[in-house]
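# What the coordinates show
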Amino acid sequence: MKRSTKIVLALVVLLIVARLLLPYIVLRYLNKMLADMGSYTGHVEDVNIALIRGAYQIEDLRIRKIDGKIKEPFLYIPKTDLSVEWESLFKGSLVGEVECYQPELNFSFSDSEQASQTGEELDWTKLVKDLLPIQINRFAVYGGKVDLLNLFEATKTNLSLEKVAVDIRNIRNVEDKQSRLPSPVTASGDVPGWGGTMKFQAGMNLLKVFPDFNYNLSFNNLQLVKLNDLAREYGNVDFEKGTVSVISEMAMYDGKFVGYFKPLTKDMKIFKFKEPGEKRTVGRFFTELLAEGGQAILKNHKLDQVATRIPIQGTVENTETEVWPIIIGVLRNAYVKAFTAEFDNTVTFKDAVQNLKQDYKEKRAEKKAERKERREARKEERQQKREARKEARKKEKDR
């Protein structure tokens, strides 16, 4: 056998052995990396390598809180596919994409450290970099589930999202480099505990500390009776029937945002003279009676709808809204023109930019006024000193 043939055969055998050992090497590396994440720990059951595709799959990834009281892991992903994004590679950018299949996220909110599980202690950016050591340009979720336990701790109210689908593209701005919002984001899901559905669509710039965005968000046809724990706690009423939808548009630029929320109720009924098996207090009886009378006056009878539009603006540190636009919105829906469960298309990214520019102009005007005030104060101080010196010289002459 020729020497060159032996070398080729040896290389082939070496590659086969390396290919067979590679999954175990990667699995060991991942479990070692996941074992120590501060107050959380993780484990991977298996790894599959696809060299030709430039990808590998992680099976049964679990991340749980150490010494926590929550039985469910904080994160469970039956299958994760991490690969090179070939479309971007052909354009000269080495970036990757991550696809998660049927992941489950279990949040728990509590004042107790052991009963709390939010993942805020984890450095998720580092975790993703360790899993795929090239920059991520696309992230997708298929058939996900999110549980928010004790979202409102006073009532122990939970919220779940199921059949969650998420698609985030162009995270690293490989395409549309001139666009201010280069990353399209879509998300949807069902809200089984409350009924209804959720839809989200946005353009974003994810390369900033506070991402710029322009989003549309809707929660449609949530069942009011499913919200009775909250209604009793915060409004001293409960609902007999009806649905509520919430429509929102918002844009943010450099931490300054502007937008609105538009809640709309349909077929809402609050008051009954007698409820089966009720233990209703006298206070709640009259509160519900007044609420029913108020909604009868303020609802649009043609559509059997109570609605308003809540404008909102501010910064990530401070949010502002006013009461009068909300009241005017309720009256407008009832007596002028009914709101619709659709986006108004009145909020654009330019509004957030303009809002920031206006804020900048106002701050500049304030600084200008402050400088003028300081100059006037210094001028007054110098004048007083001159007067004092004149008075001193006059007294000297008089001597």
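Everything quoted here is computed from the prediction, not taken from an experiment.

## Details of the overall build of the protein
Scanning the protein for helices and strands turns up seven helices and 15 strands. A sequence separation of at least 24 residues applies to 59% of the contacts in the protein between residues at least 6 apart. Carbon together with sulfur atoms contributes 57% to the accessible area of the protein, which is approximately 25,100 Å² in total.

## Thoughts on the packing of aromatic side chains
How two aromatic rings sit relative to each other is set out by the distance from centre to centre and by the angle between their planes. One pass over the full model with this rule turns up seven aromatic pairs. Between Tyr101 and Tyr142 the ring centres are 5.2 Å apart and the planes differ by 25 degrees, which places this aromatic pair in the stacked class. Taken as a pair, Tyr101 in strand S4 (residues 96-101) and Tyr142 in strand S6 (residues 136-152) lie far apart in primary sequence, 41 residues in all. Relative accessible area serves as the criterion here: at 33%, Tyr142 is assigned to the partly exposed category. Taking 5.6 Å as the distance between ring centres and 85 degrees as the angle between the ring planes, the aromatic pair formed by Tyr253 and Phe349 counts as edge-to-face. In this pair, Tyr253 is assigned in strand S11 (residues 241-253) and Phe349 in helix H7 (residues 349-398), connecting sequence segments 96 residues apart. Pair check on accessibility: Tyr253 and Phe349 agree, each one buried. Within the aromatic cluster, the residues linked to one another by ring pairs are Tyr40, Phe74, Phe107 and Phe109. Between Arg180 and the ring centre of Tyr253, over which it is positioned, the NZ or CZ distance is 5.4 Å.

## Quick notes on helix H4 (residues 228-235)
For H4, every residue scored as buried is listed here: Asn228, Leu230 and Ala231. Here the buried residues of H4 occupy an arc of 155 degrees about the axis, which is enough to place them on one side. Just past H4, the residue Asn236 takes up positive phi, approximately 55 degrees.

## Let's talk about the environment of Thr197
The residue Thr197 is located in strand S9 (residues 197-205) in this model. Put simply, Thr197 and Asn221 are 24 residues apart on the chain and 7.1 Å apart in space, counted from C-alpha to C-alpha. Those residues within four positions of Thr197 in sequence are excluded, and the remaining contacts are Gly189, Asp190, Val191, Ser218, Phe219 and Asn220.

## As for the nonpolar core
Within the largest apolar cluster, 59 residues are counted, with the highest numbers of intra-cluster contacts made by Leu30, Val44, Val47, Tyr56, Ile58, Ile63 and Leu131. Discounting residues that sit within four places of it in the chain, Tyr56 has contacts with Val26, Leu30, Val47, Asn48, Ile49, Ala50, Thr80, Asp81, Leu82, Leu131 and Leu132.

## Some details on a nonpolar patch on the surface
Residues Val323, Trp324, Ile327, Ile328 and Leu331 make up a contiguous nonpolar surface patch of roughly 530 Å² in combined accessible area. With respect to the helices and strands, the residue Trp324 is situated in helix H6 (residues 323-335).

## Overview of the confidence of the model for the protein
Looking at the protein as a whole, the pLDDT averages 79, with 80% of positions reaching at least 70. No element of the protein has a lower mean pLDDT than helix H5 (residues 282-298), at 56, and none a higher one than strand S8 (residues 183-190), at 94.

## Quick notes on unusual backbone geometry
Even without being a glycine, Lys163 presents a positive backbone phi close to 50 degrees. With respect to the secondary-structure elements, Lys163 resides in strand S7 (residues 157-168). Taking the relative accessible area as the measure of exposure, Lys163 reaches 62% and is therefore exposed. Phi angles above zero are rare outside glycine, and Asn221 is one such case at about 60 degrees. Here Asn221 shows up in strand S10 (residues 212-223). Note on Asn221: relative accessible area 43%, which makes it partly exposed.

Conventions we followed
- For every chain, the first residue of the written sequence is number 1, and numbering continues from 1 onward in sequence order.
- Totals for whole chains, interfaces and linings use all residues, but because this is a predicted model, local features are given only for residues with pLDDT of at least 70 and pairs of side-chain atoms are given and counted only at 80 or more.
- To obtain the side-chain values, all non-hydrogen atoms of the structure were used and water was disregarded.
- Runs of H or I in DSSP of at least four residues are treated as helices and runs of E of at least two as strands, each being numbered from the N terminus.
- Contacts were defined at the residue level, with two residues in contact if any of their heavy atoms lie within 4.5 Å.
- Under the convention used here, a 1.4 Å probe and the Shrake-Rupley method define accessible areas, while residue burial counts only the protein chains that appear.
- Note on aromatic contacts: the rings of Phe and Tyr and the six-membered ring of Trp form a pair at centre separations within 6.5 Å, being stacked when their planes are under 30 degrees apart, edge-to-face when over 60 apart, and tilted otherwise.
- The buried label goes to any residue with under 20% of its type's maximum accessible area, the exposed label to any with over 50%, and the partly exposed label to all in between, with areas taken from a 1.4 Å probe on protein chains only.
- Our definition puts a charge over a ring when NZ of Lys or CZ of Arg is within 6 Å of the ring centre and also within 35 degrees of the ring normal.
- To be clear, the arc concerns the directions from the helix axis to the C-beta atoms.
- Among the buried residues, those of types Ala, Val, Leu, Ile, Met, Phe, Trp, Tyr and Cys that are joined through side-chain atoms within 4.5 Å form a nonpolar core.
- In this analysis, a patch consists of residues with relative accessible area above 30% that form no salt bridge, clustered at 9 Å for like charges and at 5 Å for the nonpolar side chains Val, Leu, Ile, Met, Phe, Trp and Tyr.
- Any Lys or Arg side-chain nitrogen found within 4 Å of a carboxyl oxygen on Asp or Glu counts as a salt bridge.
- Known as pLDDT, the predictor's per-residue confidence is scaled from 0 to 100.

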